[in-house]
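Coordinates in review
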Amino acid sequence: MGIFQRVKDMTRASINELLDKVEDPVVMLNQYIRDMEEEIAEAEVTVAKQMANERRTHQRLAEAARIAAEKEAQAEAALKAGQEALARKALEEKLFYDQKVAEYTDLHAQAQAQAEQLKAQLQEMKEEFYKMRNKRNELVARVEIAKAQKQMAQINSNHVIEGGSASRGFHRMEEKIMQMEAEAQVARMPYAAPGASVDPVKQEQVELQLKALKEKLGQTADNN
């Protein structure tokens, strides 16, 4: 394995580890809980504003109805007093506030309906938040179990299936150690000069040839 491949493997491992940390389920669950809390807080502000708007509209409606009734009473009193012009003016003012009563009645009904709708949505959000919060502990426990099972599966897989980078690196180190042991064993062997070793087969052949040579030389001497 080349140096660049090793660097590549180390870089890939670091990136994967970083991604695992970023996407940790437990961290994300806690973040979702915090996000839900913020959403509920914002919803509570919205509901409070709408309820205040509904109360203001109701107050305006009540005020317009009160003034309209007051103008009607003034017109009645003026008419009894024989002041028809004054009664007419009071009735004109009454019609104006009657229109306001009709407008505020519609606005109040809309504001009240919207406030009730927002309160219902807020209640649903809170119920969902309580479920999420109660479910978080269970999910965290399941995540830890899943992590442990995954880790054990990876360990078992590495023991059974060879060919992974860790397995290859381990066997490469084992081969290197065996080579070092062999080199050390060779280094401990005594040095023998060339020709110092004795070959029995070769020695026997030498003895036979020497004997034949002696016999030949003996025959030569007798002839002389």
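Residues numbered from 1 in each chain as written. Predicted model: local features only at pLDDT ≥ 70, side-chain atom pairs only at ≥ 80, totals over all residues. Heavy atoms only, no water.

1. Let's talk about the overall build of the protein chain
The helix and strand tally for the protein chain stands at five helices and zero strands. Ordered by position in the sequence, the α and β elements of the protein chain form the string α-α-α-α-α. Within the protein chain, the fraction of its 224 residues that count as buried is 14%. Put simply, 81% of the contacts in the protein chain that link residues at least 6 apart link residues at least 24 apart. (Helix = DSSP H or I, 4+ residues; strand = E, 2+ residues; numbered from the N terminus. Buried < 20%, exposed > 50% of the residue type's maximum accessible area, 1.4 Å probe, protein only. Contact = heavy atoms within 4.5 Å.)

2. Re a negative patch on the surface
On the surface, a cluster of negative charge is contributed by Glu 37, Glu 38, Glu 39 and Glu 42. Structurally, the position occupied by Glu 37 is in helix H2 (residues 25-80). (Patch = residues over 30% accessible without salt bridge, like charges linked within 9 Å, V, L, I, M, F, W, Y side chains within 5 Å. Areas by Shrake-Rupley, 256 points an atom, 1.4 Å probe, with all protein chains shown as cover. Salt bridge = Lys/Arg side-chain N within 4 Å of Asp/Glu carboxyl O. Lys, Arg positive; Asp, Glu negative; His and termini not counted. Charge placed at Lys NZ, Arg CZ, Asp CG, Glu CD.)

3. Overview of the nonpolar core
Ile 33, Met 36, Ile 40, Ala 43, Val 47, Leu 118, Leu 122 and Phe 129 form the largest nonpolar core, which has eight residues in total. Listed by contribution, the elements that provide at least two residues to this core are H2 and helix H3 (84-160). A total of five residues in this core trace back to one element, the largest contributor, which is H2. Those residues within four positions of Val 47 in sequence are excluded, and the remaining contacts are Leu 118, Lys 119 and Leu 122. (Core = buried A, V, L, I, M, F, W, Y, C linked by side-chain atoms within 4.5 Å.)

4. Focus: the side chain of Lys 94
Positionally, Lys 94 belongs in helix H3. Classification of Lys 94 as buried rests on a relative accessible area of 16%. A distance of 2.7 Å separates a polar atom in the side chain of Lys 94 from a polar atom in the side chain of Asp 98. Those residues in contact with Lys 94 that lie beyond four places of it in its chain are Ala 68, Lys 71 and Glu 72. (Polar contact = N/O pair within 3.5 Å; in protein donor to acceptor, adjacent residues only side chain to side chain.)

5. Observations concerning a nonpolar patch on the surface
Residues Leu 210, Leu 213 and Leu 217 make up a contiguous nonpolar surface patch of roughly 280 Å² in combined accessible area. With respect to the helices and strands, the residue Leu 213 is situated in helix H5 (residues 200-223). The partly exposed category is assigned to Leu 213, whose relative accessible area is 46%.

6. A few points about the side chain of Glu 54
Counting through the fold element by element, Glu 54 comes out in helix H2. In this structure, Glu 54 is buried with no salt-bridge partner, the nearest side chain bearing the opposite charge being Arg 55 at 5.6 Å. With sequence-adjacent residues up to four places away left out, Glu 54 is seen in contact with His 108, Ala 111 and Gln 112.

7. Things to note about the confidence of the model for the protein chain
Averaged over all residues, the pLDDT of the protein chain is 79; the fraction at 70 or higher stands at 75%. The lowest-confidence element of the protein chain is helix H1 (residues 3-22), averaging 54 in pLDDT; the highest-confidence one is H2, averaging 92. (pLDDT = per-residue confidence, 0-100.)

8. Focus: the pattern of salt bridges
Going through the model one piece at a time under the given rule, you end up with 11 salt bridges. For Glu 93, the salt bridge goes to Lys 71, with nearest N and O atoms at 2.6 Å. In this pair, Glu 93 is assigned in helix H3 and Lys 71 in helix H2, connecting sequence segments 22 residues apart. The exposure class of Lys 71 is buried, given its relative accessible area of 15%. Lys 80 is the salt-bridge partner of Glu 76, the closest N and O atoms lying 3.5 Å from each other. Of this pair, Glu 76 and Lys 80 both sit in helix H2, four residues apart, which is roughly one turn of the helix. With a relative accessible area of 68%, Lys 80 lands in the exposed category. Salt bridges sharing partners connect three or more residues here, namely Glu 63, Arg 66 and Glu 70.

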